[in-house]
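The chain contents come next:
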Amino acid sequence: MLTQSTLLRHRGRSYLLPSTFSFRRRQHSDSQDHAESTVTQVVELLQPPSKQWDYDQLRTFLFIDSPLSSHQLLQITLRLTSIPKALDFLKFLREKAQPHHLSSVFQGTLQLASRHPNSQTELLMLHTFRKSNDWNITLTAKSASLLMQCFEKAQMLDDSLLLFNELDPSSKSTGICNGLLRILFKSGRADDALHVLDQMLKPDSEFPPNDYTGVLVFGELVKRERPGRSVADEEIVWLVTKLGEHGVFPDTFKLTQLITKLCGKRKNGIAWELLHGLMTLGGTVEVEAASCNALLSGLGREKDIQRMNKLLSEMEEMKIQPNVITFGILINHLCKARRIDEALGVFNKLRGKGENNRIGVEPDVIIYNTLIDGLCKVGKEEDGLSLLEEMKTENKNRPNTVTYNCLIDGFCKVGKIDKARQLLSQMIEEGVQPSVVTLNTLVDGMCKHGRVNSAVEFFNDMKGKGLKGNAVTYTALISAFCGVNNIDRAMQYFDEMLGSGCTPDAIVYYSLISGLSIAGRMNDASIVVSKLKQAGFGLDLACYNVLISGFCKKKKLERVYEMLNELEETRVKPDTVTYNTLVSYLGKTGDFATASKVMKKMINEGHKPSVVTFGALIHAYCLKKNVDEAMKIFGEMCSMSKVPPNTVIYNILIDALCKNNNVERAVSLMDDMKVKGLKPNTTTYNAILKGVRDKRMLPKAFELMDRMIEDACSPDYITMEILTEWLSAVGETEKLKRFVQGYRVSYPESSQASLCF
């Protein structure tokens with residue numbers, strides 16, 4: 001019976017079901033019609049001025065018959081079309097309506113204001129109305145969004161933050177947060193933006209981040225530094241990880257940009273942590289080769305080959321397919337680190353040689369060029385040539401201008417200029433056009449290996465073929481001519497450079513200033529200095545030093561002081577060379593008091609006097625025939641200074657002592673050299689031989705001649721001039737012959753006895 005009654009009931013329900021649904025649909029439709037009718041009637045009652053409203057009938061509709069919903073109240077407000085009328089309606093409802101009802105009416109009023117021609121003013125007025133009347137109206141998400149959009153246009157960022165912070169969590173939405181994040185990031189308010197993000201990133205957040213949040217955050221992270229507080233690099237990994245926990249990840253482009261930015265700031269550790277944090281998420285996010293390549297480049301710049309290899313192994317484990325750029329980066333940085341054998345090992349794998357050889361990536365012409373350049377830089381030009389022949393044979397990666405430039409540069413660096421020119425002819429024959437880099441490489445190579453005339457001929461020949469030089473070409477030629485003291489030709493090419501439209505760089509000016517100063521052409525040097533300043537460059541310390549030295553040699557003290565004042569004005573600190581030049585000049589002019597002051601200033605500025613400093617003073621005193629003072633400084637060097645005297649200083653003193661007729665002391669100094677481990681040179685012997693000749697100390701001369709032989713110190717024309725006249729006059733030409741032949745001139749007693757027999 002139970003089963004039967006159950007079945008009957010089911011059958012009955014089945015039979016009655018359509019009519020029941022129909023009834024319910026009609027009931028729902030009637031309810032909707034009633035609600036719409038009520039809304040319409042209330043709107044009609046609100047049309048007259050507020051003083052003429054039928055308050056009793058309004059109360060009946062709104063509070064007694066069947067209280068209206070928040071949605072119905074919103075619809076009533078929107079149909080009023082007038083902001084003042086909507087506010088009157090809000091004031092009326094305040095007596096008995098629930099707080100959420102007031103929120104709906106205020107939202108409707110804000111929406112009316114947003115449609116107003118002067119919406120900005122109206123919305124701000126409503127915001128002021130809400131705050132000043134202390135109504136405590138809770139804002140809906142829509143109301144908050146409208147007000148925050150208004151604040152953004154009015155640049156009222158603090159008001160946006162205050163409004164956001166007072167919102168009930170239920171009124172906050174992801175859209176509102178994103179809007180606030182956008183303007184906070186734009187204004188450089190990273191701390192406030194991170195505070196908003198903190199709320200969004202909570203595990204139970206009602207307004208979690210979405211893809212647009214990621215667009216905002218990742219977009220901000222990759223931007224360059226700008227005014228205001230930016231997101232610190234150390235916060236990036238945390239942010240990306242937290243967003244990842246909510247399923248929001250940077251795309252490959254943004255991730256690559258972010259890693260590139262971090263590596264550019266030498267924050268490889270953070271970049272490594274960021275990439276590996278995403279890699280460990282497994283299938284949640286796909287890391288591609290481009291992002292790994294960015295990190296590889298950063299590691300390469302820091303010469304961190306170990307972690308580069310580790311990242312490549314991890315890419316293989318994670319099934320991240322490397323591309324030709326990946327291996328190009330690795331090979332490039334291995335070559336830069338002079339680890340050419342490892343670079344060739346990677347290259348051989350790409351070519352299919354050796355074990356585990358097929359990677360699925362073919363080497364391109366850039367990789368070939370990188371390897372050829374790397375081989376040339378470690379002196380393996382012939383191996384580079386072999387790769388060039390391989391490129392021609394395989395015909396997949398034809399050699400280009402860069403290929404030949406690398407080889408030409410390699411052969412020029414080792415002085416094989418003819419081979420470099422042969423390669424140039426070869427590239428032209430094969431239809432590969434030389435570039436200005438080719439021209440510059442050969443011109444510079446010829447100049448640096450003493451073939452300046454060949455460089456000029458080659459330059460003129462290439463100009464005739466339509467390949468014009470640039471600033472680098474002229475710089476090489478100008479520097480070369482300055483180096484061989486051919487200043488006129490250097491100036492000729494400087495004028496030609498200006499006439500051809502090439503802009504000289506600072507190096508050109510520096511070379512000319514140095515060359516002219518060394519040649520004593522200080523007026524011309526001053527003209528070039530003026531041109532340098534007109535071009536927007538400043539003198540460096542080396543230039544100031546060479547100018548000061550040049551003016552000192554020309555005894556133009558006022559120009560020296562002018563240079564020193566300019567040094568101070570440009571905040572370029574003098575160095576030891578500057579002070580040595582001044583000490584030497586002042587000493588030669590006999591102004592030892594000022595020279596001592598300069599030396600004291602030098603020490604106070606933290607520059608320790610060098611052997612050149614002491615040498616300059618000693619030489620100056622010797623020139624003024626004040627050998628005693630020179631010997632006093634020499635004594636201080638030996639006893640107090642940490643700068644021991646060198647051969648040049650001994651030579652100056654020995655020469656001065658001999659000229660002062662104090663040969664014995666000069667000989668003593670020479671003996672002191674031997675004790676100090678200094679080897680006398682030809683200049684030393686010439687000075688002391690002059691002294692012993694003038695004092696007719698013939699036995700001492702023979703002793704010195706023997707010492708020259710022992711020290712393997714070859715005589716020069718001055719030595720021969722001293723000895724030839726003297727020894728011929730005293731009948732000792734045989735000893736002179738033995739000396740010239742490299743034999744001792746003094747005999748031990750036993751040897752002389754054997755000769756008598």
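Above this text is the structure in question.
Quick look at the structure, then. Residue indices begin from 1 for each chain and proceed along its sequence in written order. Thresholds applied to this predicted model are a pLDDT of at least 70 for local features of residues and 80 or more for the giving and counting of side-chain atom pairs; totals over whole chains, interfaces and linings are not thresholded and use all residues. Water and hydrogen atoms were dropped before computing side-chain values, which therefore reflect all heavy atoms in the structure.

Considerations on the overall build of the protein
Working step 1: A run of H or I in DSSP becomes a helix once it reaches four residues, and a run of E becomes a strand once it reaches two; helices and strands are each numbered from the N terminus. Scanning the protein from terminus to terminus reveals 41 helices and zero strands.
Working step 2: Between the two quantities, the radius of gyration covers C-alpha atoms and the globule rule is 2.2 Å times the number of residues to the power 0.38. In summary, the protein has a C-alpha radius of gyration of 46 Å against a globular reference of 27 Å for 757 residues, an excess of more than 25%.
Working step 3: Looking at the protein as a whole, 45% of its 757 residues are labelled buried.
Working step 4: All accessibility values rest on the Shrake-Rupley procedure with a 1.4 Å probe; residue burial counts only the protein chains present in the view. Summed over all atoms, the accessible surface of the protein reaches about 39700 Å², with 52% contributed by carbon and sulfur. Only protein chains enter the accessibility calculation, which uses a 1.4 Å probe. A residue is then buried if its area is under 20% of the maximum for its type, exposed if over 50%, and partly exposed in between.

Here we look at the side chain of Glu 314
Working step 1: Note on placement: Glu 314 falls in helix H16 (residues 305-317).
Working step 2: Here Asp and Glu are counted as negative and Lys and Arg as positive; His is not counted, and neither are the chain ends. What counts as a salt bridge is simple: a side-chain nitrogen of Lys or Arg found within 4 Å of a carboxyl oxygen of Asp or Glu. In this structure Glu 314 is buried but unpaired, with Lys 310 as the nearest side chain of opposite charge at 4.4 Å.
Working step 3: At 2.3 Å, the side chain of Glu 314 forms a polar contact with the side chain of His 276.
Working step 4: Working rule for contacts: check all heavy atoms of both residues, and any pair within 4.5 Å makes them a contact. Contacts of Glu 314, omitting those with residues within four sequence positions, involve Trp 272, His 276 and Met 279. For this analysis, a polar contact is any N or O atom pair within 3.5 Å, provided that within protein one partner can donate a hydrogen and the other can accept it, and provided that sequence-adjacent residues contribute only side-chain to side-chain pairs.

Things to note about the environment of Pro 574
Working step 1: Turning to its location among the elements, Pro 574 is positioned in the loop between helix H30 (557-569) and helix H31 (576-588).
Working step 2: Once the C-alpha coordinates of Pro 574 and Ile 513 are considered, the two residues, 61 residues apart in sequence, prove to be 18 Å apart.
Working step 3: Those residues in contact with Pro 574, other than ones at most four positions away along the chain, are Leu 541, Leu 567, Tyr 579 and His 607.

Focus on helix H11 (residues 211-222)
Working step 1: One less than the number of residues in a helix, times 1.5 Å, gives the span that helix is expected to have. The end-to-end C-alpha distance of H11, which contains 12 residues, comes to 16 Å, matching closely the 16 Å that a straight helix rising 1.5 Å per residue would cover.
Working step 2: Among the 12 residues of H11, nine are classified as buried, and the element is accordingly described as predominantly covered.
Working step 3: Along H11, the residues classified as buried are Thr 213, Gly 214, Leu 216, Val 217, Phe 218, Gly 219, Glu 220, Leu 221 and Val 222.
Working step 4: Check the buried side of H11 and you find it contacts helix H9 (174-186), helix H10 (190-200), helix H12 (233-245) and helix H13 (252-264).
Working step 5: Near the N-terminus of H11, the side chain that reaches the backbone nitrogen of Tyr 212, with its oxygen 3.1 Å away, is that of Asn 210.

Section: the side chain of Glu 122
Working step 1: Summarising the element assignment, Glu 122 is placed in helix H6 (residues 119-132).
Working step 2: Comment: no salt bridge for buried Glu 122; closest opposite-charge side chain is Lys 91, at 13 Å.
Working step 3: Once you skip the residues sitting within four places of it in the chain, Glu 122 turns out to touch Ile 83, Ala 113 and His 116.

Observations regarding unusual backbone geometry
Working step 1: Positive phi is not limited to glycine here, since Asn 485 has a value of about 65°.
Working step 2: By secondary structure assignment, the location of Asn 485 is in the loop between helix H25 (471-483) and helix H26 (487-499).
Working step 3: Phi angles above zero are rare outside glycine, and Arg 696 is one such case at about 55°.
Working step 4: Checked against the element boundaries, Arg 696 lands in the loop between helix H37 (682-694) and helix H38 (698-710).

Digging into the packing of H37 against helix H39 (residues 717-729)
Any two packed helices are characterised by how steeply their axes cross, that is the angle between the axes, and by the distance between the axes.
Working step 1: The contact between H37 and H39 brings their axes to 9 Å, and the two run at 25°. The angle between H37 and H39 places the two elements in the roughly parallel class. Handedness of the crossing formed by H37 with H39: left-handed. Here H37 contributes Thr 682, Asn 686, Leu 689, Lys 690, Val 692 and Arg 693 to the contact with H39, which in turn contributes Ile 718, Thr 719, Ile 722, Leu 723 and Trp 726.
Working step 2: Residues belonging to the contact of H37 with H39 are distributed by class as follows: six nonpolar, three polar and two charged. Between N-to-C directions, angles cover 0 to 180 degrees, with each direction set by a line fitted to C-alpha atoms, over the stretch in contact for helices. Throughout, the term roughly parallel applies to angles under 35 degrees, roughly antiparallel to angles over 145, roughly perpendicular to angles from 65 to 115, and oblique to all others. Left-handed describes a crossing whose near helix is turned anticlockwise from the far helix through less than a right angle; right-handed describes the clockwise counterpart. In this classification, Asp, Glu, Lys and Arg are treated as charged, Ala, Val, Leu, Ile, Met, Phe, Trp, Tyr, Cys and Pro as nonpolar, and every other residue, Gly included, as polar.

Side note on the packing of aromatic side chains
Here a ring pair, both rings aromatic, is described through the centre-centre distance and the interplanar angle of the planes.
Working step 1: Note on aromatic pairs: the rings of Phe, Tyr and Trp (six-membered ring only in Trp) are paired at centre separations within 6.5 Å, and the planes decide the class, stacked below 30 degrees, edge-to-face beyond 60, tilted for the rest. Using the criterion set out here, one finds 11 aromatic pairs in the structure.
Working step 2: Centre to centre, the rings of Tyr 55 and Phe 92 are 5.6 Å apart; their planes meet at 45°, and the pair counts as tilted. Of the two residues, Tyr 55 is situated in helix H2 (residues 55-64) and Phe 92 in helix H4 (residues 83-93); the sequence distance between them amounts to 37 residues.
Working step 3: Judged by centre distance (6.0 Å) and plane angle (50°), the ring pair of Tyr 509 and Phe 537 falls under tilted. On the criterion of sequence distance, the pair formed by Tyr 509 in helix H27 (residues 506-518) and Phe 537 in the loop between helix H28 (522-534) and helix H29 (541-553) is long-range, its members being 28 residues apart.
Working step 4: The class for Phe 537 is partly exposed, based on a relative accessible area of 29%.
Working step 5: Taken together, the ring pairs connect Phe 459, Tyr 474, Phe 481 and Tyr 493 into an aromatic cluster.
Working step 6: Two limits define a charge over a ring: the Lys NZ or Arg CZ must be within 6 Å of the ring centre, and within 35 degrees of the ring normal. Geometry around Phe 164 places Lys 172 over its ring, the cationic atom sitting 4.2 Å from the centre.

Topic: H37
Working step 1: In this model H37 runs 18 Å from its N-terminal to its C-terminal C-alpha over 13 residues, within 8% of the 18 Å that 1.5 Å per residue would give.
Working step 2: Residues of H37 that are buried include every one of Thr 682, Thr 684, Tyr 685, Asn 686, Ala 687, Ile 688, Leu 689, Gly 691 and Val 692, and no others.
Working step 3: Sitting at the amino-terminal end of H37 is Asn 681, which places a side-chain oxygen 3.2 Å from the backbone nitrogen of Thr 683.

Looking at the packing of H13 against helix H15 (residues 289-301)
Working step 1: Here H13 crosses H15 at 10°, and the two axes come no closer than 8 Å. Here H13 lies roughly parallel to H15, going by the angle between them. Residue-level contacts link Thr 252, Leu 255, Thr 256, Ile 259, Thr 260, Cys 263 and Gly 264 of H13 to Ala 290, Ser 291, Ala 294, Leu 295, Gly 298 and Arg 301 of H15.
Working step 2: In terms of residue class, the contact of H13 with H15 is made up of six nonpolar, six polar and one charged.

Quick word on the environment of Gly 247
Working step 1: Take Gly 247: it is sitting in the loop between H12 and H13.
Working step 2: The sequence separation of Gly 247 and Ser 70 amounts to 177 residues, and the corresponding C-alpha distance is 35 Å.

Side note on the pattern of salt bridges
Working step 1: One pass over the full model with this rule turns up 36 salt bridges.
Working step 2: A salt bridge links Glu 234 to Lys 267; the shortest N-O distance between them is 3.8 Å. With Glu 234 in helix H12 and Lys 267 in the loop between H13 and helix H14 (268-279), this pair connects stretches of sequence that are 33 residues apart.
Working step 3: Classification of Glu 234 by relative accessible area gives exposed; the value is 56%.
Working step 4: One salt bridge in this structure joins Asp 444 and Lys 448, with 3.2 Å as the shortest N-O distance. Here the residue Asp 444 and the residue Lys 448 both occupy positions in helix H23 (residues 436-448), the gap between them amounting to four residues, near one helical turn.
Working step 5: Of the residues examined, Asp 444 reaches a relative accessible area of 26% and is grouped as partly exposed.
Working step 6: The class of Lys 448 is exposed, set by a relative accessible area of 63%.
Working step 7: Several salt bridges converge on common partners, so that one network encompasses Asp 233, Glu 234, Lys 265 and Lys 267.

Digging into the state of the cysteines
Working step 1: When two cysteine sulfur atoms are found within 2.5 Å, that pair is recorded as a disulfide. Going through the model one piece at a time under the given rule, you end up with zero disulfides.
Working step 2: Just so you know, Cys 406 is unpaired, no disulfide at all, and the nearest cysteine sulfur is the one on Cys 376, 6.9 Å from it.
Working step 3: For Cys 406, a relative accessible area of 10% gives the class buried.
Working step 4: Cysteine Cys 713 shares no disulfide, and the gap to the nearest cysteine sulfur, in Cys 658, comes to 15 Å.
Working step 5: Judged by relative accessible area, which is 11%, Cys 713 ranks as buried.

Notes on the environment of His 607
Working step 1: Structurally, the position occupied by His 607 is in the loop between helix H32 (592-604) and helix H33 (611-623).
Working step 2: Along the backbone, His 607 and Thr 576 are 31 residues apart, and their C-alpha atoms lie at a distance of 6.1 Å.
Working step 3: Residues within four places of His 607 in sequence aside, it is in contact with Pro 574, Asp 575, Thr 576, Tyr 579 and Met 602.
Working step 4: Within the local environment of His 607, its side chain forms a polar contact with the backbone oxygen of Pro 574, the two atoms lying 3.0 Å apart.

That is the geometry; function is a separate question.
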